[in-house]
Amino acid sequence: MLGPDFENIVRLLSRMPGIGSRSARRIVLHMLDNKDNMMLPLAESLQKAAIDIQNCQDCHTLDTSSPCHICAAMTRDRSLLCIVENVADLWALERTGSYKGLYHVLGGTLSALDGVSPDDLHIPHLITRLDELQTQELIIALNATVEGQTTAHYITDCVKGRDIKITRLARGVPIGSALDYLDDNTLVTALDSRSAM
Ligand SMILES: [Zn+2]
């Protein structure tokens, strides 16, 4: 018998995106076979990361410091603010190296089905930041899903009346795709040929 700890690790791992209970079991077995160079270092790193990594007080991305290194960098163009759904999408845009403005991570998209309302996302904080930063262009880089587009329209309505140019990624982005899965060239093209909303 492997005991309750084994089952507990399997249960927790199988809640991770893309991992079913069979993969979770395989992962735990692999770790048990490699305790010294896998399981123990992983446990230590997980504990450290849980303490050290936090959400940025300004853009809500994850970093070891708050404000994060992007918000703190004086070399970034502070007149540009790009809205993304999650941290993985921010990383996808950063990977291209072609965007030099600031970000705002919403933490999801509006969904009546899943009960996600504007207050569950960082939309009220977004409005405060737009005024504080005196943003000139707001780039909506939300995924081309129904929820992404509903959220984009909601934000556009909230921002109405302010002297801010609102743009979105070009329609070359495949419908329903997540930014994180796009290749860098497609993403750079979508960013460069963004259009007014
Ligand atoms: Zn930040």
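Use the structure listed above.
Parameters at a glance
Residues numbered from 1 in each chain as written. Predicted model: local features only at pLDDT ≥ 70, side-chain atom pairs only at ≥ 80, totals over all residues. Heavy atoms only, no water. Helix = DSSP H or I, 4+ residues; strand = E, 2+ residues; numbered from the N terminus. Contact = heavy atoms within 4.5 Å. Patch = residues over 30% accessible without salt bridge, like charges linked within 9 Å, V, L, I, M, F, W, Y side chains within 5 Å. Areas by Shrake-Rupley, 256 points an atom, 1.4 Å probe, with all protein chains shown as cover. Salt bridge = Lys/Arg side-chain N within 4 Å of Asp/Glu carboxyl O. Disulfide = S-S within 2.5 Å. Buried < 20%, exposed > 50% of the residue type's maximum accessible area, 1.4 Å probe, protein only. Donors = N, O, S within 2.8 Å, 3.2 Å for Na, K, Ca; no water. Tetrahedral: all angles 85-135°; square planar, octahedral: opposite > 155°, others 65-115°. Pairing = 2+ DSSP bridges. Right-handed = clockwise from strand over helix to strand, strands pointing away.

## A closer look at unusual backbone geometry
- Between Ser66 and Pro67 the backbone carries a cis peptide bond, its omega angle lying at 0°.
- You can see Pro67 is positioned in the loop between strand 2 (62–63) and helix 4 (69–72).
- The phi dihedral of His60 is positive, around 70°, even though this residue is not glycine.
- Tracing the backbone through its elements, the reader meets His60 in the loop between strand 1 (54–55) and strand 2.
- Phi at Gln134 takes a positive value of approximately 50°, unusual for a residue other than glycine.
- Within the element layout of this structure, Gln134 appears in the loop between helix 6 (123–133) and strand 5 (137–140).

## Regarding the side chain of Glu85
- Looking at the element boundaries, Glu85 is found in the loop between strand 3 (77–84) and helix 5 (87–96).
- Filtering out sequence-adjacent residues up to four positions away, Glu85 remains in contact with Val105, Leu106, Gly107, Gly108, Thr109, Leu142 and Asn143.

## Overview of a nonpolar patch on the surface
- Together, Leu2, Leu29 and Leu32 make up a nonpolar patch on the protein surface, roughly 260 Å² of accessible area in all.
- Note on placement: Leu32 falls in helix 2 (residues 21–33).

## Remarks on the state of the cysteines
- Going through the model one piece at a time under the given rule, you end up with zero disulfides.
- The closest cysteine sulfur to the non-disulfide-bonded Cys82 is located on Cys59, 11 Å from its own sulfur.
- In this structure Cys82 comes out as buried when scored by relative accessible area, which is 0%.

## A look at the coordination of the zinc ion
- Those donors, Cys56 (SG), Cys59 (SG), Cys68 (SG) and Cys71 (SG), are the protein atoms that reach the zinc ion, and they lie 2.3 Å from it.
- Classification of the site at the zinc ion rests on its four donor atoms, whose angles at the metal span 105 to 114°, yielding the label tetrahedral.
- Read in sequence order, the donor residues for the zinc ion give the motif C-x2-C-x8-C-x2-C. There is no split in this pair, since Cys59 and Cys68 are both buried.

## Focus on the pairing of strand 5
- Both faces of strand 5 are covered, namely the face carrying Glu137 and Ile139 and the face carrying Leu138 and Ile140.
- The pairing of strand 3 with strand 5 spans four bridges and is parallel. Note on strand 5: the bridge partner recorded for Leu80 is Glu137.
- Two elements, strand 5 and strand 6 (residues 165–168), share four bridges in a ladder whose sense is parallel. Pairing of Ile140 across the sheet is with Arg168, part of strand 6.
- For the handedness criterion, the β-α-β arrangement of strand 5, helix 7 (residues 146–159) and strand 6 is classed as right-handed.

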